[in-house]
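Each chain is listed here by its residues.
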Amino acid sequence: MAVFVQERKSKIWHWRRDCSSYPQTADIALITPQHPATGSLCDECRKKDEVEKRNNKRAEV
Ligand SMILES: [Zn+2]
């Protein structure tokens, strides 16, 4: 289960620790286990999710 963290400066939500922009602990403003209703989602986290989903599908077939 992903945990969403919002970076203090950018206000962007990240949820993948392998994201190159994932904030340092000191730079995290908010943490929530739920999909955030406001704010921008990180493009890199989203792309990594898509790649992972694609790989999982391939593995199931
Ligand atoms: Zn990210």
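K.L.:
Would you take a moment to explain unusual backbone geometry for this structure?
P.N.:
Excluding glycine, most residues fall at negative phi; most peptide bonds, likewise, are trans. Located in the positive-phi region is K11, a residue other than glycine, with phi close to 65 degrees. Relative to the helices and strands, K11 is located in the loop between β1 (4-7) and β2 (12-14). Residue class for K11 comes out exposed when judged on the 12 C-beta atoms lying within 10 Å of it.

K.L.:
What is the right way to read the sheet that holds β2 from this model?
P.N.:
In a beta sheet, neighbouring strands pair by backbone hydrogen bonds and run either parallel or antiparallel. With mixed pairing, the four strands of this open sheet are ordered in space as β3-β1-β2-β4. In the strand order of this sheet, the two ends are held by β3 (28-32) and β4 (40-41), each with one partner. With four bridges joining them, β1 and β3 adopt antiparallel strand pairing. Opposite F4, over in β3, you have T32 as the bridge partner.

K.L.:
Sorry if this is basic, but what is going on with the pairing of β1 here?
P.N.:
Regular strands show a simple pattern: their side chains alternate between the two faces of the sheet. Pairing analysis gives two bridges linking β1 to β2, with the strands arranged antiparallel. Directly across from V5, in β2, lies its bridge partner H14. In this antiparallel pair of consecutive strands, β1 and β2, the connection spans four residues, and K11 shows a positive phi of 65 degrees.

The rules we used
- Residues numbered from 1 in each chain as written.
- Predicted model: local features only at pLDDT ≥ 70, side-chain atom pairs only at ≥ 80, totals over all residues.
- Helix = DSSP H or I, 4+ residues; strand = E, 2+ residues; numbered from the N terminus.
- Buried ≥ 20, exposed ≤ 12 C-beta atoms within 10 Å, placed from the backbone.
- Pairing = 2+ DSSP bridges.

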